[in-house]
Structure formats: structure tokens, C-alpha cells
Amino acid sequence: MPVLPLRRLPLARARNPLAACIVVGAAWASTHGWRLLGSKDTRSSRSLLHVSVEPPEQSLLGDLYTATSLPLLAVTCVLGWLTRPTADAEQVPKGFQQFQFQYLLVWFLAITADWLQGPYVYELYASYGWSKADIARLFVAGFASSMLTGTFIGSVADAWGRKFCAILYCILYGLACLTKHVNVYGVLMLGRLLGGAATSLLFSTFECWMVGEHKRCGFPDGLLRYMFGLMFFVQYLAAIGAGWLAQLAASSMPLTQVADSDALWYGGSTLPFDLSLAFLLTAMPAIYFMWQENYGERRGEGVAGLSQVALSFQAGCDALASDWRVPLLGLAVAAFESSMYVFVFNWTPALDGCSAGTPPHGLIFSAFMMACMCGSSLFNLLDASIAPIKALWPVCLLAAGALATVASSLFTTSSEALIFFSFLAFEACVGAYFPCVSTVKSELVPEEARAGVYNVYRVPLNMCVVLLLLADLESPNRISWWDDVEDIICDLQHIAPVLSAGRHDAWGGTAEDQ
């Protein structure tokens, strides 16, 4: 079967501190590159099973994503600069800058490898000809793998060593990238399982190593918050750049079948995963030569270290029973974040179904990350006197409104522009939600039971994600998922005001009063 080249946008990556100038220039160049590509006599197809169609003529609407990216990028740069992490140079001890470089370089390589895969996971599976139900099962496998390994991976890293587990992340994710070249469902399923386990390592092991090394070196605790700020700042920049780089890679050559092979493919949507593999292979020697091994407080306890999982869950359950606001917050977390994770699965088919051609998924992903960074920056610019719980309710309301707009559009006009802008609004709410809810959790959840409570929170969250995806398998109606998400996120609108009304001291009253 002949494979036609996909019309995509070549993009560039930008780095701090001159992001405002460099990134805008790169975006301008990429916009003109998109128009040049659009003038060629090319065709596009959504998958290998779809009939090829002529691309639409270029117009403001046809160039929707590039026309949106430039002003959104400018706003992101301004807000990012206003809220950038800073530290007093006089308080920075000797050796801290070296530690900062060693961690942030590895973190950038590792997190970029993860973000590179985001824009093209669904598209690759669809290009291989798998149905939406088949793809949903693959996503469910990834979430289930992350759910199961996430409950004990922290204890494993404490016992085996954080440096060792960081290298293990690179190995597992690298193997997951290789499976993307094989159009065999069982191999793709194995890749999702490996990717789920690797993701749990990414968002636990690296942070634990940084905190452990920070304390081992005796650096001030105040600089730890500064490091967290830099960590998330680099994460957002990496996400934006990864979307552009993935777009450039995927547009460089079409998805092509290897000669004399029914299962092996290269090019097209597999190239972002090859780039991810390159970042992982670069991260491995960086970790090996630049990091020192550190362990948790329970190093050497072996099975006893793993038994901490049960003790952690027990402490979490005790905390849930001691204060009614703790489980209510868990419901809020499950409601919002489950809609977010299911959004990850559905944004590609939602936009593909409304587009006459193949949307530039990498550019769209970068726009989502820019909106997310804008939301986070806006929250950080709020007056410190405003309680985070008071900001959580309007964030949830706006997120529900954005998804309701998408559902309405899918019911009626299927407007690509309206759906895209609603997605941007939802991502901005996601960006504001995380620092907001993290602050609320830090105030409400007891420190001695924090790890256990967070592990318990993951159970209803992952159950909601899995059930929503499984429910979508048998649904012939393309908007059914949005109805479910609307119901869930609207429930959170009722939970947030109750939490706000039930605050103790700074939360506005005791639980007994409520």
C-alpha cells in the first residue's frame, strides 16, 4: 500500500534565558516554513486505512494552529519571565551551582524524552490501522502499569538506589520506544506496559535523588524550594520544545513499511520516538558519570523496605478516617485529574475528526503546554492573601465550561477552532490546578501520613481513568466520553466549595463546626 507524505510543520526548540527573543524568532520561521510546505502539491491522510484527500487551501482558519502559536508564545514568555525562579546570590553556597547543573541537565534530557512521545502516541497507533477501541486498551494498559508500579516504586528506589533506578528508567523507556516500530498488537501492548513503569520511575526517582543529594550536601532548605521551581520551569520549557521537535521529526519523512516485512515500520510518527530514544541514550552516561548513588533511609532492609508500602497505605487510611476533608479532597483530585488523563487520550481523535486534513499534532501539543504554563504562571501571580482553596473552585468551573463547550461543538457544528481554543482553556486550567491543589494538599494532609494518602489518592484516580476508557470502547457515539468527563468535573465544582467552607483556622472553621 503506498504511503503518502504527511504535511507537517517544521519547528525549532528554544531555551532560557533568551527565550522571549529566540523562541519568537523560531516560531516566526516555523510559521513561514509551514506555509511553504502548504504550497506544495502534497496529500495528507489520517491513517493507513483512510482515503487520502487534498489539503485545504491556506487561510487564517486553515493556518489556525500557527496563527495561534505566535501570540500564545509571546504571552507565555512574558508570564514565564515574571514568575521565573530566583535565588539570592549571597545565599548560594559553594558547590550548589555544580549540583544544580548536574541535576537539571539530566532532568531536561529525561523529561524531554517523555514529552517527545506525547503528541504522536495516538496518531501512530491510528496510522497502523488500529481501531479506537484497540487504542483505548493500549492506553488502559499504560495507566494500569503506572498505577500498579507507582504504589511501590518509591520503596524500591530507596532500597536499590535512586541513581540505579534513574538508569533503569532510561532502559525501560528506551525499550518502549523500540516497540513502536513493530505493528504487532502484543508488542505495542508490551511497550505500553514498559512505558507505564518507566513513567512511575520518572516522576518519583529523579525528584527523590535531587532531595537526597541536596540534604547530603548540606545545602539550605530554602534552596530546595528554588530547585523545585527550576525543575518545573525546565519541565514546561522542555514540553514546549519537545512538541516542536516532534513535529519537525514527524514531517521529515512519511511512515514507511520495511521491505519484505509485514510488521516493521520507520519514519513518520515513529521518528519522535527515535528522538526520545536518543535523549534517553544521552541521559544514561550523564547519570552514570555525573550522579552519585543515594538511597532512602531504609537502605538494606530488602523486603522490609517493600513492606513499607503496606504501612504507608495503613497510615493513609488512618488519615482519611481522621478528617472528612482528606477523603473529600481525594475525590476532587480523582475527578479533575481523571478528566485530564482521558483528555490525553481523546484530544487527537477529537481534532482529527473536525479537520479536513491532518492537524500538526506536535504544534498542537506545544500550544497545550504553553497554555498550561500560562495557567501556572497566573496562579503564581495571585495575591498571597488569596487562599488556594478559594482559587480551586473557579479553576474547576472554567475547566468544566471548556469541556462543555467541546461537547456542545461536537454535538452541533464540530468547529475545529472552537474545540481547539476550548482545549487551550482547559490546559490553562490544568496549569493553574496543579500548584493550587498541591498547596491545598500540603496544608490539609498530615506530614506523617503524606506518602500514604497520596498513594491512596491514586487508586480512585486510576480507577476513574480506566473505567472511562473502557466505557468508551463500546460506545458508538463520539461525544459519549465528553458527557462522562463533564459529569465528573462538575462533581468537583460541588466538592471544592465544601472544602473551602470546612477549613480549620486559615481554612475558615473547624470540621466539628461543619
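Report on the accompanying structure. Source: prediction; values computed, not measured. (Residues numbered from 1 in each chain as written. Predicted model: local features only at pLDDT ≥ 70, side-chain atom pairs only at ≥ 80, totals over all residues. Heavy atoms only, no water.)

**Some thoughts on the nonpolar core**
Basically, it comes down to this: Here, nonpolar core refers to any group of buried Ala, Val, Leu, Ile, Met, Phe, Trp, Tyr and Cys residues whose side-chain atoms link them within 4.5 Å. In this scheme, a residue with accessible area under 20% of its type's maximum is buried, one over 50% is exposed, and one in between is partly exposed, where area comes from a 1.4 Å probe on protein chains only. Numbering goes from the N terminus for both helices and strands, where a helix is a DSSP run of H or I of at least four residues and a strand is a run of E of at least two.
Counting residues in each nonpolar core, the largest one holds 141 residues, and the members touching the most others are Tyr103, Phe139, Tyr169, Phe206, Phe368, Phe420 and Phe423. Of all the elements, helix α9 (residues 221-252) adds the most residues to this core, at 18 residues.

**With respect to helix α3 (residues 96-115)**
We count it as follows: In this scheme, a helix's expected span is set at 1.5 Å multiplied by one less than its residue total.
With 20 residues, α3 should cover 28 Å at 1.5 Å per step; its first-to-last C-alpha distance of 28 Å lies within 8% of that length. Of all the 20 residues making up α3, 16 are buried; the element is thus mostly covered by neighbouring parts of the structure.

**Observations concerning the pattern of salt bridges**
The condition that has to hold: Salt bridge criterion: a side-chain nitrogen from Lys or Arg within 4 Å of a carboxyl oxygen from Asp or Glu.
The tally for this structure, following the rule as stated, stands at two salt bridges. The salt bridge involving aspartate 134 is made with arginine 137; its shortest N-O contact spans 3.2 Å. One end of the pair is aspartate 134 and the other is arginine 137, both in helix α5 (residues 132-150) and three residues apart, which spans about a single turn. Classification of arginine 137 as partly exposed rests on a relative accessible area of 35%.

**Some details on the side chain of threonine 205**
The condition that has to hold: Here, two residues are considered to be in contact whenever any of their heavy atoms come within 4.5 Å of each other.
If you trace the backbone, threonine 205 turns up in helix α8 (residues 185-216). With near-sequence residues (within four places) excluded, threonine 205 lies in contact with Ala157, Arg162, Cys165 and Ala166.

**Regarding a nonpolar patch on the surface**
To keep things clear, this is the line we draw: Patches here are clusters of residues that have more than 30% relative accessible area and form no salt bridge, with a 9 Å joining cutoff for like charges and a 5 Å cutoff for nonpolar side chains (Val, Leu, Ile, Met, Phe, Trp, Tyr). Exposure was quantified through the Shrake-Rupley algorithm and a 1.4 Å probe, taking into account, for residues, occlusion by the shown protein chains and nothing else.
A cluster of nonpolar residues, Val78, Trp81, Leu82, Leu378 and Leu381, forms a patch on the protein surface that exposes about 510 Å² of accessible area. The element best represented in the nonpolar patch is helix α2 (residues 64-82), accounting for three residues. With respect to the helices and strands, tryptophan 81 occurs in helix α2. Here tryptophan 81 falls in the partly exposed class, since its relative accessible area comes to 46%.

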